[in-house]
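Next come the chains, spelled out residue by residue.
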Amino acid sequence: MRTRGGLKIFNGIHKFQQGDDFILLDVNSGAVHMIDALTFEVLDDFDGTNDAHVIGRLSGKYPAAEISEVLDELHQLIDAGELFAPDIDVPPTFASRGVVKSLCLMVAQDCNLRCKYCFGDGGTYGHRAVMSADVGCAAVDFIIKNSGLRRHCEIDFFGGEPLVNFRTVKAVTEYVRRREADTGKIFKLTLTTNGLLLDEKATAWLNANNISLVLSLDGRKEIHDAMRPDISGRGSYDRVVKNFRRTVESRGGENYYLRGTYTRRNLDFTADVLSAHDAGFDILSTEPVVLKNSPLALTYDDLPTIRAEYDRLTDAYLARRREGRGFNFFHFNVDLNNGPCVAKRLSGCGAGHEYFAVAENGDLYPCHQFVGRERYRLGNIFDGVDEGARHWLKYFRESHVLNKPKCRDCWAKFFCSGGCHANADLFNADIREPYDLGCEIQRKRLECAIYVQAKLADETDA
């Protein structure tokens, strides 16, 4: 048994208890097993070669025949490659130059809300302005030029509030459709909105142009209104929920998800998730806020409360599923059978080499959260990446979990892919130094997600 940074790692496995159930994850293969209490104890020090030691250690507590039976089953898992699977090496794809797959267009560095926890300085990113149609269309040309033979590409309309600059959203969308016909590329378009300007006319246009939506709602009315007031300081809940309901209904309850944020003010965020579900939305996520030097910021002292709250959310999620009124919670949707390819599991979102953000003036940054951090300005869409910034592309591309010391021995590395680069930079000034508190929260959320999927599979098979 090895201990590092509070994490117990043994031959690439992670085991944990959730309620009365015991779960085993084989880290490198991704195999998950529901196990019993005896197997849980056997795995305290079983390494595939020390059966006699394990039998001797546990013989006073369990019958030797039962211990031997468990050991036989574990050896079968080893033979099947589902226990103590070998480490994953860096795939050869990391050695080659990447292609640009996705852009985030900051079409409005301006906003009609004043969210208390906004990482973008009120949506302005330090510079209030909107993107012209010319810049937006040039960004389309940039991704086409730099996407190589890749056919499928993505563009996200972001802000601030992108509907503040709906004219550019429309112009870029029209240009995308023309360029698809010219090039054979297929674009997925997404727009993130706070909902204040999502009227019937805007909804009809977004639906007609098959634009996916990310809808920002923080849950309960009192929480949302406190966290997301408008410019005059009034709450926004009633107005945006009305618009969100109409929009979701108009697209048959599909092609959207509702995203919330929890802060130190609402550590009982299960109530916010369930409130959103009760309000008529069933594709949901809620994210922990990432802040420094704010009374809303999460702290290590909050971890016991946050962990207990994810347990409550897990129980509530399963209860509603069993009652036949389940909902889709983004962070519980881990794939235990056919997850992402090895490169994706190692590298994550691709920020800084496959994914870029485009500021309103055309400047390139590794992702939307880096906009305004001038150290990470990479170039612009008209001239490409600056020669003096090319080292950043290599650094981001090689910043996968096997090159992050804290990630190498972490059981969650192939699920979180090393965490958010922007958060790491914010707290540690190095994208290879993960944001520790975020890691703690992520590990707990992943345990709940793995448990949910294993439990549902077990109940389906029963």
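For the structure, check the block above.
These remarks concern the structure in this document. (Residues numbered from 1 in each chain as written. Predicted model: local features only at pLDDT ≥ 70, side-chain atom pairs only at ≥ 80, totals over all residues. Heavy atoms only, no water.)

### Focus on the nonpolar core
Turning to step 1, where the next piece is worked out: Residues Leu-103, Leu-105, Phe-157, Phe-187, Leu-258 and Phe-281 are the most contacted members of the largest nonpolar core, which totals 122 residues.
Turning to step 2, where the next piece is worked out: If one sorts the elements of this core by residue count, helix α16 (residues 436-461) sits on top with nine residues. (Core = buried A, V, L, I, M, F, W, Y, C linked by side-chain atoms within 4.5 Å. Buried < 20%, exposed > 50% of the residue type's maximum accessible area, 1.4 Å probe, protein only. Helix = DSSP H or I, 4+ residues; strand = E, 2+ residues; numbered from the N terminus.)

### Here we look at helix α8 (residues 237-250)
Turning to step 1, where the next piece is worked out: Its 14 residues give α8 an end-to-end C-alpha distance of 20 Å, which sits within 8% of 20 Å, the value for a rise of 1.5 Å per residue.
Turning to step 2, where the next piece is worked out: Listed in full, the buried residues belonging to α8 are Tyr-237, Val-240, Val-241, Asn-243, Phe-244, Thr-247 and Val-248. Each buried residue of α8 sits inside an arc of 165° when the element is viewed along its axis, so together they form one side. Facing away from the buried side of α8 by more than 90 degrees, the exposed set consists of Lys-242 and Glu-249.
Turning to step 3, where the next piece is worked out: A positive phi of about 65° marks Gly-252, the residue just after α8. (Expected span 1.5 Å × (residues − 1). Arc of directions from axis to C-beta.)

### Structural notes on the pairing of strand β10 (residues 212-216)
Turning to step 1, where the next piece is worked out: In terms of burial, β10 is largely enclosed, as five of its five residues are buried.
Turning to step 2, where the next piece is worked out: On β10, burial covers both faces: Ser-212, Val-214 and Ser-216 on one face and Leu-213 and Leu-215 on the other are all buried.
Turning to step 3, where the next piece is worked out: For strand β9 (residues 186-193) and β10, the ladder comprises four bridges, and the chain directions are parallel. Its bridge partner lying in β10, Leu-191 is registered against Leu-213.
Turning to step 4, where the next piece is worked out: With helix α6 (residues 200-208) bridging β9 and its parallel neighbour β10, the resulting β-α-β unit is right-handed. (Pairing = 2+ DSSP bridges. Right-handed = clockwise from strand over helix to strand, strands pointing away.)

### Regarding the pattern of salt bridges
Turning to step 1, where the next piece is worked out: Considering all chains together, one arrives at 34 salt bridges under this definition.
Turning to step 2, where the next piece is worked out: Of the charged contacts, one joins Arg-179 and Asp-141 as a salt bridge, the two residues approaching to 3.2 Å between their closest N and O atoms. Residue Arg-179 is located in helix α5 (residues 166-183), and its partner Asp-141 is located in helix α4 (residues 133-146); the two are separated by 38 residues in the primary sequence.
Turning to step 3, where the next piece is worked out: Accessibility expressed as a relative area gives 28% for Asp-141, which makes it partly exposed.
Turning to step 4, where the next piece is worked out: For Glu-174, the salt bridge identified is with Arg-178, shortest N-O distance 3.6 Å. Here Glu-174 and its partner Arg-178 are both found in helix α5, four residues apart, which amounts to about one turn of the helix. (Salt bridge = Lys/Arg side-chain N within 4 Å of Asp/Glu carboxyl O.)

### Things to note about the environment of Phe-269
Turning to step 1, where the next piece is worked out: With respect to the helices, strands and loops of the structure, Phe-269 is situated in the loop between β11 (256-262) and α9 (270-278).
Turning to step 2, where the next piece is worked out: Looking at Phe-269, the relative accessible area reads 0%, which means it is buried.
Turning to step 3, where the next piece is worked out: Along the sequence, Phe-269 and Leu-313 sit 44 residues apart, while their C-alpha atoms lie 8.2 Å from each other.
Turning to step 4, where the next piece is worked out: Leaving out residues up to four positions away in the same chain, Phe-269 has contacts with Tyr-262, Thr-286, Ile-306, Glu-309, Tyr-310 and Leu-313. (Contact = heavy atoms within 4.5 Å.)

### Side note on the state of the cysteines
Turning to step 1, where the next piece is worked out: The full count for this structure, using the stated rule, is zero disulfides.
Turning to step 2, where the next piece is worked out: Cys-104 carries a free sulfur, and the closest cysteine sulfur to it, the one in Cys-367, is 8.0 Å from it.
Turning to step 3, where the next piece is worked out: Look at Cys-104 and you get buried, because its relative accessible area is 1%. (Disulfide = S-S within 2.5 Å.)

### Concerning the packing of helix α10 (residues 303-322) against α16
Geometry of a packed helix pair, given as the angle between the helix axes and the separation of the axes.
Turning to step 1, where the next piece is worked out: Contact geometry for α10 and α16: axes closest at 10 Å, N-to-C directions at 25°. On the basis of their axis angle, the class for α10 and α16 is roughly parallel. Handedness of the α10/α16 crossing: right-handed. Along the contact surface, α10 presents Leu-303, Ile-306, Arg-307, Tyr-310, Asp-311, Thr-314, Tyr-317, Leu-318, Arg-321 and Arg-322, while α16 presents Leu-437, Glu-440, Ile-441, Lys-444, Arg-445, Cys-448, Tyr-451, Val-452, Lys-455, Leu-456 and Glu-459.
Turning to step 2, where the next piece is worked out: Its residues assigned to classes, the contact of α10 with α16 shows 11 nonpolar, one polar and nine charged. (Axes fitted to C-alpha atoms, helices over the stretch in contact; angles between N-to-C directions. Parallel < 35°, antiparallel > 145°, perpendicular 65-115°, else oblique. Left-handed = near helix turned anticlockwise from the far one by under 90°. Nonpolar A, V, L, I, M, F, W, Y, C, P; charged D, E, K, R; others polar.)

### Quick look at the side chain of Asn-243
Turning to step 1, where the next piece is worked out: Structurally, Asn-243 can be placed in helix α8.
Turning to step 2, where the next piece is worked out: When its relative accessible area of 11% is taken as the criterion, Asn-243 is described as buried.
Turning to step 3, where the next piece is worked out: At 2.8 Å, the side chain of Asn-243 forms a polar contact with the backbone oxygen of Gly-195.
Turning to step 4, where the next piece is worked out: Discounting residues that sit within four places of it in the chain, Asn-243 has contacts with Gly-195, Leu-196 and Leu-198. (Polar contact = N/O pair within 3.5 Å; in protein donor to acceptor, adjacent residues only side chain to side chain.)

### Examining empty space enclosed by the protein
Turning to step 1, where the next piece is worked out: Evaluated as defined, the whole model comprises one cavity of 30 Å³ or more.
Turning to step 2, where the next piece is worked out: Put simply, the largest cavity is a space of about 90 Å³.
Turning to step 3, where the next piece is worked out: What lines the largest cavity is a set of 16 residues, and nearest its centre among them are Leu-217, Gly-260, Asp-272, Ala-276 and Ser-285.
Turning to step 4, where the next piece is worked out: Those elements that provide at least two residues to the lining of the largest cavity are β11, α9 and β12 (283-288).
Turning to step 5, where the next piece is worked out: Ranked by the residues each element gives to the lining of the largest cavity, the list is headed by β11, at five residues.
Turning to step 6, where the next piece is worked out: Its residues placed into classes, the lining of the largest cavity shows seven nonpolar, six polar and three charged. (1 Å grid on protein atoms, 1.4 Å probe; cavity = no way out; pocket = protein on both sides within 12 Å on 5 of 7 lines; lining within 4 Å. Points joined across faces, edges and corners; volume = space filled by probe spheres on them.)

### Some words on the packing of aromatic side chains
Turning to step 1, where the next piece is worked out: With the rule as written, the count across this model stands at 17 aromatic pairs.
Turning to step 2, where the next piece is worked out: Both rings, one in Tyr-257 and one in Phe-330, keep their centres 5.7 Å apart while their planes meet at 5°; by these two values the pair is stacked. Within this pair, whereas Tyr-257 is found in strand β11, its partner Phe-330 is found in the loop between β13 (328-329) and α11 (342-347), the two being separated by 73 residues in sequence.
Turning to step 3, where the next piece is worked out: On the basis of relative accessible area, Tyr-257 is assigned to the partly exposed category, the value being 23%.
Turning to step 4, where the next piece is worked out: Through successive ring pairs, a cluster of aromatic residues spans Phe-370, Tyr-376, Trp-392, Tyr-395 and Phe-396.
Turning to step 5, where the next piece is worked out: Looking at Lys-170, its charged tip hangs above the ring of Phe-166, at a distance of 4.6 Å from the centre. (Phe/Tyr/Trp six-rings, centres within 6.5 Å; stacked < 30°, edge-to-face > 60°. Lys NZ or Arg CZ within 6 Å of the ring centre and 35° of its normal.)

### Thoughts on the side chain of Lys-404
Turning to step 1, where the next piece is worked out: Within the secondary structure layout, Lys-404 lies in the loop between α12 (390-397) and α13 (405-408).
Turning to step 2, where the next piece is worked out: The side chain of Lys-404 sits in the buried core without any salt bridge; Asp-430 is the nearest counter-charge, 8.3 Å away.
Turning to step 3, where the next piece is worked out: In this structure the side chain of Lys-404 is engaged in a polar contact, spanning 3.3 Å, whose partner is the backbone oxygen of Gly-418.
Turning to step 4, where the next piece is worked out: If sequence neighbours within four positions are ignored, Lys-404 has contacts with Ser-399, Ser-417, Gly-418, Gly-419, His-421, Ile-431 and Arg-432. (Lys, Arg positive; Asp, Glu negative; His and termini not counted.)

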